[in-house]
Amino acid sequence: MSGVKLTNVKKSYGAVEVIRGVDIVIEEGEFCVFVGPSGCGKSTLLRMIAGLEEISAGTIAIGDRRVNDLDPSQRGTAMVFQTYALYPHMTVERNMGFGLLMNGVAKSEVKAKVDKAAKILQIETLLNRKPRQLSGGQRQRVAIGRAIVRDPDVFLFDEPLSNLDAELRVATRLEIAKLHGQLQGATMVYVTHDQVEAMTLADKIVVLRDGRVEQIGAPMELYEDPDNIFVAGFIGSPKMNFVEVKGDKLPDGRPLRLSGSQSNAVATLGVRADALERAGPGAGTIAGEVSVVERLGDAEFVHFRTPWGQELVARFPPGAAVRVRDSLQFALTGKVHFFDAEGRVLRDVAMAGNPVAAEA
Amino acid sequence: MAAISHILERGAEGATLGQRIWKSRIDYLFLIPGMLVFGAFIFWPMIASFYYSTLDWTGFGAHSEFIGLANYAELLNDEFFYSAFKRSFLFMLATVPFQMIVGLMLAIVLNNKFLKLATVFRAMIFLPVVSPVAVIAIVMVLMLSPFNGPINGFLIETHLVSRAVDLLGSPQMVLWTLAGIFVWKWTGITLVYWLAALQTVPDELYEAAKLDGVKTWQVIMHIVLPIVAPFAVVIGLISAISALNVFPLIQATTQGGPFFSSEVMEVYIFRTAFAPSSGQFPRLGYASAAGVIFGLSIMALTILQVIAVRRVRRKEAENV
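Note that the structure is predicted; figures quoted are calculated from it, not measured.

Colleague: How would you sum up the interface of chain B and chain A? Please name residues and give values.
Modeller: Frequently, the measure chosen for interface size is the accessible area removed from exposure when the parts meet. Across the boundary between the two partners, chain B contributes 19 residues, which contact 24 residues of chain A. In total, chain B and chain A occlude about 2000 Å² of area from one another, counting both sides; carbon and sulfur atoms represent 59% of this. The largest contributions to the chain B side of the interface with chain A come from E207, L211 and D212 of chain B, which together make up 33% of the buried area. Taken together, the links from chain B to chain A amount to 2 salt bridges. A salt bridge links R150 of chain A to D212 of chain B; its shortest N-O distance comes to 3.5 Å. Inspection of the region where chain B meets chain A yields 6 residue pairs in polar contact (both at pLDDT 80 or more). For the side of chain B that touches chain A, a count of residues per class yields 9 nonpolar, 4 polar and 6 charged.

Quick look at the structure:
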């Protein structure tokens, strides 16, 4: 088993640069998730590691081997495709063992490996079926099984859950997490556009946008301490609320008392739904009229419209007696993030006391 | 509720065929042009040729006589008919496998996206398909001529033969030469069919195999061919039927000669129907009988093709 190291990796198609210098270190045994909106280059990056796309510049190393010019089959990677890419005319057993058989591995050895992988994935009873006789989830397991059989250093997953329905996606996500535990030391690189998948699976998340790395870190690091407004908005559900700040004032003119040397540079305030708390009349920082209440059972998401016409969301505990068209006040109780005009986080800025109390 | 059940009742029962046709009269109106064309160019000729086949008629004179199935009885003892019939299917067997295999090999090579000139090659191979048969025939007669023909020139220069070979003029060789011309002309279309079949193999399968270290020939043998194999039935039958409809090529090169040695069914039918050479008289009724038999044979092939297409479709649906 070994890690993966990308150093200043670039990829261009003609004049169009799709990966613009990416540095990522994935440790051995780590579960690393590339996440980003569609077109950010995450799949391209994965395919470059696999060897399915050429590398225009930079180095990719697996373990201590530079693999740039190595044939895909020599890189010690195995890939699970979004569309499963199972051979439609072969049984599950042959699908899983095909690569080894073609490379001259003895039949008995292949059979042993296939059986072992089938046991891990609990698909022993499906071995004689053809892909068309399997459900989406079963096909995905077979595809994963085909990767396991190869005993790779690095597993590559390209949006493996995208073709499954919502319920199955959650279940399969859990299984992939378990699998990572079971295959001790297996390095896994996983591409998704779904930040929930990224948060739940990853040891390390790489957020990508337009072929550049926006931030690398553990899931909670990105959630708690995003480097910029893009990561702040991308990670977490519901999306973080952003409010424009001009000269220490909210758009409706209410003052914000900030401390910190860079407090003059603040252009945007970011606050998550769970950091907004209901305040008494006249005691909040942000006011709003409730437009929608989503009751999820364990929480209620209260969407409200601010006096300056923006839709924000707050997370209330269940049973909050809030109705549509109620006028509410919100206090910024939890962590608040500040960003400059370029969207970079300003870490030394903080709220100074309770501004509203001072106003009142 | 009452209104709905009323509508249902009216739609389901209580309407005679005439009433139902009258209700859908607009639909039938739109069908008329298509039915007229179908009737005039397909249905009527079929009926007419069967009718002519029961006549003793030159096809030109006013005089014709109904003779029942006598034409058919005579055909069964006509050695020229048998030979032509046999030759047609021999020609088919000589061309179809070549066309299929060469077409498939070219398609596999040209299906490679990374082959820069693939489209150029595809166009070049397709060129004979769109060239008029008459033009190809004239060019081929000149090319293959034993007198100053470039092909004979080449064969002699390279000492493959010691003297000129009359490829279109020798009864032993003419059918095979024509088969060669036919394959050359039509392989392009088979190539296109195969390319379409190859489109059904998803790119990910090639990629998965690449990651597995499977060699190109193994990918072709174990992945590509099994997936496109069902298409072979359809492509084979289409090619077979087109190999039986070879009249223009042969008429424009040898007219069935020398000594009837390239006379396939269509040329035979043409010769008996219109008697283009002197000393014969046209027998449209007799030719029609031959045409009916040959037509039924092709129809049998076509039915096979329809069945095969359905099977492939069903199999495709299962594979999704």
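Colleague: Give me the lowdown on the domain arrangement of chain A, citing residues and values where you can.
Modeller: All names here are of chain A. In terms of domain boundaries, chain A breaks down into domain 1 (4–231) and domain 2 (238–359). Here domain 1 and domain 2 have C-alpha centroids that lie 39 Å from each other. Contacts between the two partners involve 8 residues from domain 1, matched on the other side by 11 residues from domain 2. Interface of domain 1 and domain 2: buried area, both sides summed, is about 840 Å²; carbon and sulfur atoms make up 49% of it. In terms of surface lost to domain 2, no three residues of domain 1 exceed Y223, P226 and I229, which account for 59% of the buried area on that side. Among the ionic pairs, D227 bridges to R347, the shortest N-O distance being 2.6 Å. Remark: the boundary between domain 1 and domain 2 carries 5 residue pairs in polar contact (both at pLDDT 80 or more). If one sorts the elements of the side of domain 1 that touches domain 2 by residue count, helix 7 (residues 219–224) sits on top with 3 residues. Here the side of domain 1 that touches domain 2 is built from residues that sort into 4 nonpolar, 1 polar and 3 charged.

Colleague: Got a sec to walk through the sheet that holds strand 2 (residues 16–26) of chain A? Specific residues and values, please.
Modeller: Within a sheet, neighbouring strands are paired by backbone hydrogen bonds and run either parallel or antiparallel to one another. All names here are of chain A. Pairing is antiparallel across the open sheet formed by 4 strands, whose spatial order is 2-1-4-5. Lying at the two open borders of the sheet, with one neighbouring strand each, are strand 2 and strand 5 (65–66). Packing of helix 1 (residues 42–50) onto the sheet brings it into contact with strand 1 (4–13), strand 2 and strand 4 (57–62), and relative to strand 1 it is tilted by some 115°.

Colleague: Tell me about the pattern of salt bridges, residues and numbers included.
Modeller: Taken as a whole and judged by the stated rule, the model has 21 salt bridges over all chains. Linking K42 of chain A and E159 of chain A is a salt bridge whose minimum nitrogen-to-oxygen distance equals 3.9 Å. Here the residue K42 of chain A occupies a position in helix 1, and E159 of chain A occupies one in the loop between strand 7 (154–158) and helix 5 (166–182), the gap between them amounting to 117 residues. Given the relative accessible area of 5%, K42 of chain A is considered buried. Residue R254 of chain A is joined to D252 of chain A by a salt bridge in which the shortest nitrogen-to-oxygen separation is 3.6 Å. In this structure R254 of chain A comes out as buried when scored by relative accessible area, which is 19%. Salt bridges sharing common partners tie together K11, R47 and E53 of chain A together with E207 of chain B.

Colleague: With reference to specific residues and values, describe the confidence of the model for chain A.
Modeller: Predicted coordinates in regions of low pLDDT should not be interpreted in detail. In the predicted model, chain A carries a mean pLDDT of 89, and 98% of its residues have values of at least 70. A low-confidence stretch, residues 354–360 of chain A stays under pLDDT 50, and its non-local contacts, those more than four residues away or across chains, total 8 contacts.

Colleague: For the domain arrangement of chain B, give the residues involved together with the corresponding values.
Modeller: All names here are of chain B. Along its sequence, chain B is carved into domain 1 (17–66) and domain 2 (72–319). On a C-alpha basis, the centres of domain 1 and domain 2 stand 32 Å from each other. Taken together, the 10 residues of domain 1 in the interface contact 11 residues of domain 2. Contact with domain 2 buries area across many residues of domain 1, yet S53, T58 and F60 alone supply 47% of it, more than any other trio. Taken together, domain 1 and domain 2 are joined by 0 salt bridges. Looking at which element gives the most residues to the side of domain 1 that touches domain 2, the answer is helix 3 (residues 25–52), with 4 residues.

Colleague: Break down empty space enclosed by the protein for me, with residues and values.
Modeller: For the structure shown, the criterion picks out 2 cavities of 30 Å³ or more. Its boundaries defined by the atoms lining it, the largest cavity holds a volume of some 60 Å³. Around the largest cavity sit A78, M79, F81, R146, A147 and R150 of chain A together with A208, L211 and D212 of chain B, which together line it. Contributions of two or more residues to the lining of the largest cavity are made by strand 6 (77–80) and helix 4 (136–149) of chain A together with helix 10 (203–211) of chain B. Across the lining of the largest cavity, the residue classes break down as 6 nonpolar, no polar and 3 charged.

Colleague: Tell me about the layout of surface pockets, and name the residues and values.
Modeller: Approximately 1200 Å³ is the volume attributed to the largest pocket. For the lining of the largest pocket, the elements supplying multiple residues, two or more each, are strand 1 of chain A together with helix 5 (79–110), helix 6 (118–130), helix 10 and helix 11 (216–244) of chain B. Split by residue class, the lining of the largest pocket holds 19 nonpolar, 8 polar and 12 charged.

Colleague: Quick rundown of the packing of aromatic side chains? Include the residues and the values.
Modeller: In the structure shown here, the tally under the stated rule is 22 aromatic pairs over all chains. Taken together, a centroid distance of 5.2 Å and an interplanar angle of 65° make the contact between Y87 of chain A and F98 of chain A edge-to-face. Here Y87 of chain A is found in the loop between strand 6 and helix 2 (92–102), whereas its partner F98 of chain A is found in helix 2, with 11 residues between them in sequence. Assigned by exposure class, Y87 of chain A and F98 of chain A land together as buried. Through successive ring pairs, a cluster of aromatic residues spans F81, Y82, F85, F89, Y268 and F294 of chain B. A cation sits over an aromatic face here: R25 of chain B above W22 of chain B, 4.4 Å from the ring centre. The aromatic ring of Y286 of chain B is capped on one face by R283 of chain B, whose charged end is 4.1 Å from the ring centroid.

Colleague: Tell me about the sheet that holds strand 11 (residues 241–244) of chain A, and name the residues and values.
Modeller: All names here are of chain A. Across the sheet, which stays open at both edges, the 3 strands sit in the order 11-13-19 with antiparallel pairing between neighbours. Among the strands making up the open sheet, the edge pair consists of strand 11 and strand 19 (336–339). Here the average twist between neighbouring strands, direction ignored, is 25°. Here 4 bridges tie strand 11 to strand 13 (residues 268–271), and the two strands are oriented antiparallel to one another.

The rules behind each value
Residues numbered from 1 in each chain as written. Chains lettered and ligands numbered in written order. Predicted model: local features only at pLDDT ≥ 70, side-chain atom pairs only at ≥ 80, totals over all residues. Heavy atoms only, no water. Contact = heavy atoms within 4.5 Å. Buried area = accessible area lost by both parts, 1.4 Å probe. Salt bridge = Lys/Arg side-chain N within 4 Å of Asp/Glu carboxyl O. Polar contact = N/O pair within 3.5 Å; in protein donor to acceptor, adjacent residues only side chain to side chain. Nonpolar A, V, L, I, M, F, W, Y, C, P; charged D, E, K, R; others polar. Domains from an automatic or database assignment. Helix = DSSP H or I, 4+ residues; strand = E, 2+ residues; numbered from the N terminus. Pairing = 2+ DSSP bridges. Axes fitted to C-alpha atoms, helices over the stretch in contact; angles between N-to-C directions. Buried < 20%, exposed > 50% of the residue type's maximum accessible area, 1.4 Å probe, protein only. pLDDT = per-residue confidence, 0-100. 1 Å grid on protein atoms, 1.4 Å probe; cavity = no way out; pocket = protein on both sides within 12 Å on 5 of 7 lines; lining within 4 Å. Points joined across faces, edges and corners; volume = space filled by probe spheres on them. Phe/Tyr/Trp six-rings, centres within 6.5 Å; stacked < 30°, edge-to-face > 60°. Lys NZ or Arg CZ within 6 Å of the ring centre and 35° of its normal.

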